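Remarks on the overall topology
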Amino acid sequence: MKQLTALFLLTILSLASVNAQKYITKNGHIRFFSSTPMEDIEAHNRQVNSALDQQTGDFVFRVLMKSFQFEKALMQEHFNENYVESDKFPNATFTGKVSNIKDVPFDKNGVYPVNVEGDLTIKGITKKISEKGTLEIRDGKVTGKSTFNVLLADYGIKVPAAVANNIAKSIQIDVDVTLEKLAK
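A brief report on the enclosed structure follows.

The rules behind each value
Residues numbered from 1 in each chain as written. Predicted model: local features only at pLDDT ≥ 70, side-chain atom pairs only at ≥ 80, totals over all residues. Heavy atoms only, no water. 1 Å grid on protein atoms, 1.4 Å probe; cavity = no way out; pocket = protein on both sides within 12 Å on 5 of 7 lines; lining within 4 Å. Points joined across faces, edges and corners; volume = space filled by probe spheres on them. Helix = DSSP H or I, 4+ residues; strand = E, 2+ residues; numbered from the N terminus. Nonpolar A, V, L, I, M, F, W, Y, C, P; charged D, E, K, R; others polar. Core = buried A, V, L, I, M, F, W, Y, C linked by side-chain atoms within 4.5 Å. Buried < 20%, exposed > 50% of the residue type's maximum accessible area, 1.4 Å probe, protein only. Contact = heavy atoms within 4.5 Å. Polar contact = N/O pair within 3.5 Å; in protein donor to acceptor, adjacent residues only side chain to side chain. Phe/Tyr/Trp six-rings, centres within 6.5 Å; stacked < 30°, edge-to-face > 60°. Pairing = 2+ DSSP bridges. Salt bridge = Lys/Arg side-chain N within 4 Å of Asp/Glu carboxyl O.

What follows is about the layout of surface pockets. Estimated volume of the largest pocket: approximately 880 Å³. The wall of the largest pocket is formed by 47 residues, among which F32, F68, F79, I171 and I173 lie closest to the centre. Going through the elements one at a time, β1 (22-35), β3 (58-64), α2 (73-83), β5 (91-98), β6 (110-122), β7 (125-138), β8 (141-151) and β9 (170-181) are the ones with two or more residues in the lining of the largest pocket. For the lining of the largest pocket, the leading source of residues is β8, giving 6 residues. For the lining of the largest pocket, the per-class residue count stands at 35 nonpolar, 8 polar and 4 charged.

A few words now on the nonpolar core. Counting residues in each nonpolar core, the largest one holds 44 residues, and the members touching the most others are L52 and F68. Those residues in contact with F68 that sit more than four places away from it in its chain are I30, F32, A43, H44, N45, V63, Q76 and F79.

Right, let's talk about the side chain of S146 for a bit. You can see S146 is positioned in strand β8. Among the residues examined, S146 registers a relative accessible area of 17% and is labelled buried. In this structure the side chain of S146 is engaged in a polar contact, spanning 2.8 Å, whose partner is the backbone oxygen of K132. Apart from the residues lying within four places of it in its own chain, the contact partners of S146 are E131, K132, G133, I173, D174 and V175.

Turning next to the packing of aromatic side chains. If you walk through the whole model with that rule in mind, you get 8 aromatic pairs. Ring geometry for F70 and F79: centres 5.1 Å apart, planes at 50°, overall tilted. This pair shows no difference in class: F70 is buried, exactly as F79 is. One aromatic cluster is present, formed by F32, F68, F70 and F79 through successive ring pairs.

As a further point, take the pairing of β6. Two strands pair when backbone bridges link them, and β5 and β6 are joined in this way by 6 bridges, in the antiparallel orientation. Bridge pairing in β6 links V98 to V116. Relative to β7, β6 is paired through 13 bridges, and the arrangement is antiparallel. Within β7, the residue paired with E117 across the bridge is S130. Connecting the antiparallel pair β6 and β7 is a turn made up of 2 residues, with K123 showing a positive phi of about 55°.

Okay, the environment of F106 next. Residue position: F106 is located in the loop between β5 and β6. On the accessibility criterion, F106 (13% relative accessible area) is buried. Measuring from C-alpha to C-alpha, the distance between F106 and K141 comes to 9.0 Å, with 35 residues separating the pair along the chain. In contact with F106, other than residues within four places in its own chain, are Y23, L52, Q54, I101, I137 and V142.

Okay, the pattern of salt bridges next. A side chain of one charge can pair with a side chain of the opposite charge when the charged atoms of the two come close. This model, assessed by the stated rule, comprises 10 salt bridges. The closest approach of N and O atoms between K22 and D53, which form a salt bridge, is 3.4 Å. Here the residue K22 occupies a position in strand β1, and D53 occupies one in strand β2 (residues 40-53), the gap between them amounting to 31 residues. For the salt bridge of D119 with K128, the shortest nitrogen-to-oxygen distance reads 2.9 Å.

Below, the discussion takes up the side chain of T25. Among the secondary structure elements, T25 is positioned in strand β1. Residue classification places T25 among the buried positions, given a relative accessible area of 7%. A polar contact is formed between the side chain of T25 and the side chain of N27, at a distance of 2.9 Å. Engagement of the side chain of T25 in a polar contact is seen with the backbone oxygen of T178, the distance being 3.3 Å.

Here it is, written out as structure tokens:
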């Protein structure tokens, strides 16, 4: 965990060029949702670290897996112990960029479509992803939003046969982070 936190901080610091404006948050929101005919499962995490470099489009996330909150304590326990093995893999990360960052006028309030691509790591497995989202510029703050799906099998998350009908094979992920300018 210390290595991953150090890597995350190093990544944020490496984004620091003299003229580029950086935006950060330590309390973004990620929601995941699984829907099956048997059961809906939803969890929220409001301890999401993220940074965006306005100049380059570099975008990073670090999510503490144990910070996902479920409606039922037993679901949360199974999620951490059996599915994502939070003690062994405490964080999920994304390292990538907004490929069309030059299309976002950071000096003008509005909502702008963006393409985000990079490496998503969950449970120690890294996959390339490419997703659409929006950046909303409002009074000097940047709110990033995206909704996409993740296949459990892609990240080595195995669901026992006894509950296979209760958990979807594809999980919807909703990202909603409001980033503020990093003080120089």
